[in-house]
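A structural walkthrough
Read off the chains here:
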Amino acid sequence: ATPQGEWVMSALTVACASRLLRRAAGLRSPIEHARANPVAHALGLSPTGGEVAFSSTSGHEGEGDGSGECARKRPGDDGLPIVYHPAYSKPVMPEGHRFPMPVFREIYRRLLRDGVAVPGKNLFQPARMPSLEELTAVHDEEYVNKFMMGAMSDEDLRRMGLPWTEDLVERTLSEVSGTMLCADLALTCGLAVNTAGGTHHAHRSHASGYCIFNDLAVTAKRVIARGAVERVLIVDLDVHQGDGTASTTAADPGIYTLSVHCEDNFPAKKSTSSRDVALPTGTGDDVYVKTTEAALREAIEEHGPQLVLYDAGVDVHGADDLGGFNLTDEGLIRREALVLDTCVGRGIPVAAVVGGGYDKDLEALARRHCILHHVAREIFESNKL
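Residues numbered from 1 in each chain as written. Predicted model: local features only at pLDDT ≥ 70, side-chain atom pairs only at ≥ 80, totals over all residues. Heavy atoms only, no water.

Comments concerning the overall build of the protein chain
Cut-off, in case you're wondering: Working definition: helices are DSSP H or I runs of at least four residues, strands are E runs of at least two. Numbering for both runs from the N terminus. Burial classes: relative accessible area under 20% of the type maximum marks a residue as buried, over 50% as exposed, and values in between as partly exposed (1.4 Å probe, protein chains only). For this analysis, residues touch if any pair of their heavy atoms sits within 4.5 Å. Using the Shrake-Rupley algorithm and a 1.4 Å probe, accessible areas are obtained, with residue cover drawn only from the displayed protein chains.
The helix and strand tally for the protein chain stands at eleven helices and nine strands. A burial count over the protein chain gives 57% of its 385 residues as buried. The long-range share in the protein chain, meaning contacts at least 24 apart out of those at least 6 apart in sequence, stands at 76%. When the accessible surface of the protein chain is summed, it comes to about 15,700 Å², and 49% of that surface belongs to carbon and sulfur atoms.

Right, here's the structure in full:
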């Protein structure tokens, strides 16, 4: 901070942004696609909570040093932890549907090609579904059961915006588990990134805006309930306000919600976050980044978080189909570098999720989402986490 209390972008942020801009045309050479070992699990709820188990092609076992002892590796020893589950893109949407279900698989494939995610090294998959207790800490049990059994009304389905299938149930549960695992990895390593997540419109007793169970709220309440931390900051930079997250966590003093969003966008009726920053349609890079920087600083100083859950929605981009802001690729790079550098530089672990993004060009959309993972890798390596 400067003597006047104003924050300036650190040298690390500037270096990170410039390196990534130079790579914008194509990052690193492709690597051989390696398929992760599948995890056998029943479609349904795990009866108990606790640590989120994960699978990895490496098993996190070292080769041994010749002394007869096996050197165990920890998550993070082989690079930035990245979470993925094949069910993220498993549901098949009706032709012309607005929700880009295949993009999560495209994010995964792009990260493999770029060498950011390497199976057997830094790629993790949740090996259990969330427990009923974890889900009902946020959601009404009757609502959870209705969704699980496919007993939703026409109005429920209209609000949800997605056709119900068993594949959607598996995807929804996997996404929650993925964010929970991402938080566990962040608490272990300092920084971790999911390849899905950010279901911030899900309310206690109903779905909304393609969001069914609120992975951010479930994860925040879970880490506090098991004593991992006492204070969580949810930083929501999706173009749409995180109304479900705000409403489902409002009564929990350990959870602080910051939402920087477009004032004239969905939802029409906003909830009240701990701190809401509504910006006008057409907001561009400089105003957005400066405003976000100030809001983030104030939220950290006010709440003193021990973990940050970061919703890095790319629907703030000027090319987004459901956006309203006018950010460029450079603006996204600056935003991700600002958030991650600010938090990690203060010793606050960050679990990041990809949030919203809408574009018929899935390759362009996946590239925008992957900016988060590329910047996170730079921050992870620069800070030697």
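So, next bit.
Considering the confidence of the model for the protein chain
Stated precisely, the cut-off is as follows: Per-residue confidence from the predictor is reported as pLDDT, a score between 0 and 100.
When pLDDT is averaged along the protein chain, the result is 85; 82% of the residues meet or exceed 70. Scored below 50 in pLDDT, residues 1–14 shows 21 contacts in the model against residues more than four places distant or in partner chains. Note that pLDDT drops below 50 for residues 57–70; the model gives that stretch 24 contacts with residues more than four away or on any other chain.

Details of the packing of helix α10 (residues 329–345) against helix α11 (residues 362–382)
Stated formally: The convention used is that axes are lines fitted to C-alpha atoms, helices contributing only their stretch in contact, and that angles between N-to-C directions extend from 0 to 180 degrees. Put simply, a crossing is left-handed when the front helix is turned counterclockwise from the back one by less than a right angle, and right-handed when it is turned clockwise. Residue classes follow a fixed rule: Ala, Val, Leu, Ile, Met, Phe, Trp, Tyr, Cys and Pro count as nonpolar, while Asp, Glu, Lys and Arg count as charged, and any other residue, Gly among them, counts as polar.
Two elements in contact, α10 and α11, have axes separated by 9 Å at closest approach and are oriented at 35°. Seen from above, α10 lies across α11 with right-handed handedness. Each of Asp329, Leu332, Ile333, Glu336, Ala337, Leu340, Asp341 and Val344 in α10 lies in contact with α11, whose residues at this interface are Arg367, Arg368, Ile371, Leu372, Val375, Ala376 and Ile379. Residue composition of the contact of α10 with α11, by class: ten nonpolar, no polar and five charged.

Topic: the pattern of salt bridges
Convention followed: Take a side-chain nitrogen of Lys or Arg and a carboxyl oxygen of Asp or Glu: if they are within 4 Å of each other, that pair is a salt bridge.
Inspection of every chain in the model, using the stated rule, returns 23 salt bridges. Residues aspartate 252 and lysine 221 are paired through a salt bridge, measuring 3.6 Å at the closest nitrogen-oxygen approach. One end of the pair, aspartate 252, is in the loop between α8 (243–249) and β6 (255–262); the other, lysine 221, is in helix α7 (residues 215–225), and 31 residues separate them in sequence. Neither aspartate 252 nor lysine 221 differs from the other in exposure class; each is buried. Between aspartate 321 and lysine 360 there is a salt bridge, with the nearest N and O atoms lying 3.8 Å from each other.

Quick look at α11
What counts, and what does not: One less than the number of residues in a helix, times 1.5 Å, gives the span that helix is expected to have. Think of it this way: the bend at a residue is just the angle between two axes, each fitted to seven residues, one set ending at that residue and the other starting at it.
Over its 21 residues, α11 runs 30 Å from end to end, which matches the ideal 30 Å to within 8%, given 1.5 Å per residue. By the largest-angle criterion, cysteine 370 marks the main kink of α11, which is about 30°. For α11, a buried count of 16 out of 21 residues is recorded, marking the element as mostly surrounded by other parts of the structure. Backbone geometry just after α11 places lysine 384 at a positive phi near 50°.

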